[in-house]
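Summary of structural features
Residues per chain are reported as follows:
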There are 2 protein chains.
Amino acid sequence: MTGRRQDLGASFARLTRAMIDAETPILAARGVGMWEYVVLSALEDGAAPTQAELAATVRRDKTRLIPILDALEGRGLLSRTPDPADRRNRVVALTEPGRAVLAACRAGVRAMEDEFLAAVPAAERRIFTTVLEQLADRTSR
Amino acid sequence: MTGRRQDLGASFARLTRAMIDAETPILAARGVGMWEYVVLSALEDGAAPTQAELAATVRRDKTRLIPILDALEGRGLLSRTPDPADRRNRVVALTEPGRAVLAACRAGVRAMEDEFLAAVPAAERRIFTTVLEQLADRTSR
DNA sequence: TATTGTTATACTCTATAACTATA
DNA sequence: TATAGTTATAGAGTATAACAATA
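A few points on the structure. Residues take numbers from 1 onward in each chain, read along the sequence in its written order. Chains carry letters and ligands carry numbers; both start at the beginning, A for chains and 1 for ligands, and go up in the order they are written. Local features in this predicted model are restricted to residues of pLDDT 70 or higher, and side-chain atom pairs are both shown and tallied only at a pLDDT of 80 or more, whereas totals for entire chains, interfaces and linings draw on every residue. As a convention, hydrogens and water are excluded, and side-chain values are obtained from all of the structure's heavy atoms.

This brings us to the overall build of chain A. Here a helix means four or more residues in a row that DSSP labels H or I, a strand means two or more in a row labelled E, and each is numbered from the N terminus. On a plain count of helices and strands, chain A comes out with six helices and two strands. Ordered by position in the sequence, the α and β elements of chain A form the string α-α-α-α-β-β-α-α. Oriented by its inertia axes, the alpha-carbon framework of chain A measures out at about 55 × 30 × 25 Å. When accessible area is computed with a 1.4 Å probe and restricted to protein chains, residues below 20% of their type maximum are described as buried, those above 50% as exposed, and intermediate ones as partly exposed. Taken over 141 residues, chain A has a buried fraction of 41%. Counting only contacts in chain A whose residues sit at least 6 apart along the sequence, the fraction spanning at least 24 positions is 51%. Only the protein chains shown count as cover for residues, with accessible areas throughout obtained via the Shrake-Rupley method and a probe of 1.4 Å. Within the structure as shown, chain A displays about 7400 Å² of accessible surface, and the carbon and sulfur contribution to it stands at 55%. When charges are counted, Lys and Arg are positive and Asp and Glu negative, with His and the chain ends excluded. A charged residue contributes its charge at one atom only: NZ of Lys, CZ of Arg, CG of Asp or CD of Glu. Charge separation in chain A, taken as the distance between the mean sites of 21 positive and 19 negative side-chain charges, equals 4 Å. Contacts are assigned to residue pairs with any non-hydrogen atoms lying within 4.5 Å of each other.

Another point: the protein's contact with DNA strand D. Each residue is tested against the molecule or strand, and it is near if at least one of its non-hydrogen atoms lies within 4 Å. Residues in contact with DNA strand D amount to 17 residues; listed here are only the nearest, Gln-51, Ala-52 and Asn-89 of chain A together with Arg-60 and Arg-64 of chain B. In DNA strand D, the atoms that sit within 4 Å of the protein are 72% sugar and phosphate, with bases accounting for the remainder. Here a phosphate oxygen of DNA strand D sits 3.0 Å away from a polar atom, N or O, in the side chain of Arg-80 of chain A. Under this definition, polar contacts are N or O atom pairs within 3.5 Å; protein pairs additionally need one hydrogen-donor-capable and one acceptor-capable atom, and for neighbouring residues in sequence, both atoms have to be side-chain atoms. In the environment of DNA strand D, a phosphate oxygen lies 2.7 Å from a nitrogen or oxygen atom belonging to the side chain of Arg-64 of chain B.

Now for the packing of helix H6 (residues 122–138) of chain A against helix H1 (residues 8–28) of chain B. Two packed helices can be described by the angle between their axes and the distance between those axes. At a minimum axis separation of 9 Å, H6 of chain A and H1 of chain B run at an interaxial angle of 50°. It follows that H6 of chain A is oblique to H1 of chain B by the angle criterion. In this structure, H6 of chain A meets H1 of chain B at a crossing whose hand is left-handed. Residue-level inspection shows Phe-128, Leu-132, Glu-133, Leu-135, Ala-136 and Asp-137 of chain A of H6 of chain A in contact with H1 of chain B, the latter providing Leu-8, Ser-11, Phe-12, Arg-14 and Leu-15 of chain B. Classifying every residue of the contact of H6 of chain A with H1 of chain B by side-chain character gives seven nonpolar, one polar and three charged. With axes taken as lines fitted to C-alpha atoms, and helix axes fitted only over the stretch in contact, angles between N-to-C directions fall between 0 and 180 degrees. Under this scheme an angle from 65 to 115 degrees is roughly perpendicular, one under 35 degrees roughly parallel, and one over 145 degrees roughly antiparallel; angles in between are oblique. Note on convention: the crossing is left-handed when the near helix lies turned anticlockwise from the far helix by less than a right angle, right-handed when the turn is clockwise. Each residue is assigned to one class: nonpolar for Ala, Val, Leu, Ile, Met, Phe, Trp, Tyr, Cys and Pro, charged for Asp, Glu, Lys and Arg, and polar for all the others, Gly among them.

A few words on the protein's contact with DNA strand C. Not every one of the 17 residues close to DNA strand C is listed here, only the nearest: Arg-60, Arg-64 and Arg-88 of chain A together with Gln-51 and Ala-52 of chain B. Across the atoms of DNA strand C situated within 4 Å of the protein, the share located in sugar and phosphate is 70%. Taking Ala-52 of chain B, its main chain carries an N or O atom lying 3.0 Å from a phosphate oxygen of DNA strand C. Backbone polar atom of Arg-90 of chain B to a phosphate oxygen of DNA strand C: 3.1 Å apart, as the coordinates give it.

Another point: the relation of the copies chain A and chain B. Once chain A has been moved 0.0 Å along the axis and rotated by 180°, it coincides with chain B to within an RMSD of 0.0 Å. Such a turn and shift between the copies fits a two-fold axis. Both copies contact each other with a shared surface, as 100% of the interface residues of chain A are interface residues in chain B too. The atoms used to superpose the copies are C-alpha atoms, taken from residues with pLDDT of at least 70 in both, and the fit is least squares.

Right, let's get into the environment of Val-38 of chain B. All names here are of chain B. Within the secondary structure, Val-38 is located in helix H2 (residues 34–42). A residue is classified by how much of its surface remains accessible, and Val-38, at 27% relative accessible area, is partly exposed. Each C-alpha atom of the pair Val-38 and Val-101 lies 13 Å from the other, and the pair is 63 residues apart in sequence.

We now examine the pattern of salt bridges. Just to be clear on terms, a salt bridge is a Lys or Arg side-chain nitrogen sitting within 4 Å of an Asp or Glu carboxyl oxygen. Overall, the coordinates contain 22 salt bridges over all chains when judged by the stated rule. Note that Arg-5 of chain B is salt-bridged to Asp-137 of chain A, the shortest N-O span being 3.3 Å. Highlighted residues: Arg-5 of chain B in the segment before H1 and Asp-137 of chain A in helix H6, drawn from two different chains. A relative accessible area of 54% places Arg-5 of chain B in the exposed class. Because the salt bridges share partners, they merge into one network encompassing Asp-7 of chain A together with Glu-44, Arg-106, Arg-110 and Glu-113 of chain B.

Once that is clear, we can look at the packing of aromatic side chains. Aromatic rings from Phe, Tyr and Trp, taking only the six-membered ring of Trp, are treated as a pair when their centres fall within 6.5 Å; an angle between ring planes under 30 degrees marks them as stacked, one over 60 as edge-to-face, and anything in between as tilted. Scanning the entire structure with this criterion turns up one aromatic pair over all chains. Placement of a charge over a ring requires the Lys NZ or Arg CZ to be within 6 Å of the ring centre, with the centre-to-atom vector within 35 degrees of the ring normal. Between the NZ or CZ atom of Arg-60 of chain B and the centre of the ring of Trp-35 of chain B, over which it lies, the distance is 3.4 Å. Sitting over the face of the ring of Phe-116 of chain A, Arg-138 of chain B holds its NZ or CZ atom 4.5 Å from the ring centroid.

Each side of the interface is counted separately: chain A has 41 residues, and chain B has 41 residues. The quantity reported as buried area is the accessible area (1.4 Å probe) lost by two parts once they are put together, taken as the sum for both. Between chain A and chain B lies a buried interface of about 4400 Å² when both sides are counted; carbon and sulfur atoms form 59% of it. In this structure, the connection of chain A to chain B is made through eight salt bridges. Arg-5 of chain A is the partner of Glu-133 of chain B in a salt bridge, and the nearest nitrogen-oxygen pair spans 3.2 Å. One can count 23 residue pairs in polar contact (both at pLDDT 80 or more) joining chain A with chain B. Looking at the side of chain A that touches chain B, the elements with two or more residues in it are helix H1 (8–28), helix H5 (96–117) and H6 of chain A. Partitioned by chemical class, the residues of the side of chain A that touches chain B number 19 nonpolar, eight polar and 14 charged.

The analysis is restricted to geometry; functional conclusions fall outside its scope.
The following block contains the structure:
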């Protein structure tokens, strides 16, 4: 029924590793670590109302998030401001420099991805990326 | 130019996690851990002439491989026999029970994967898995 | 001397639990 | 008392280095 030889998990794992290896130097050239990039990306569509919520969206423990936020805040790439309504909460938001750095990183990553997929014919590539995102989105909630 | 919203790396990482979460109970029901399954799978197409070579194919340090081999050998799922030509080498091979356990695990995993992909139309699914394997294979060598 | 496998050690990453400040 | 954030500690996972056996 299926012509697969490899487990899906094995293929996904290999490709994850390959993407990390390819992205690391791109991000490093902008002084950004892998997890820092993940955090910046998570804030692109809007500020996070609490750090706990941000930790959940990046699928990381809230305690592990703190050093990352410290570093990014120290470089002025994001801000942590107490929520006036409930001063226990800290709303995390990109600063303008943060948004610029994120845009530069994203552009570099996308260029690498385009090159990585270049050997795949356009029609198949479009189907592949569409299905990939559909499946990935299904795992979110 | 591309309609992607998510980075490929983010999608691959999510799906890797989802597959691990889905496979773990399937393997545990057969008393097999994730890395044990990876090792057994690597031996399916033939014995490994040395442990170092096996470690390389599963992309793991040779030192970390040892406890895994110890456990699998202890359960009689694989054998480590000194190579007569060079007695420093140990050739690692599946035993018959090992092959049976692997087959059972593989069947369970494939069933899970088929279900996971069931929502994708057959034509797109075939393209997706084909491209996925092509890309994954490219990362090996 | 060089190499395979092993063991031992150190390091990193991650998770759990205690602490503070607000509510 | 309960919760958000922080800090501190412990545990698992990983990598590096030393050791024994064989070549």
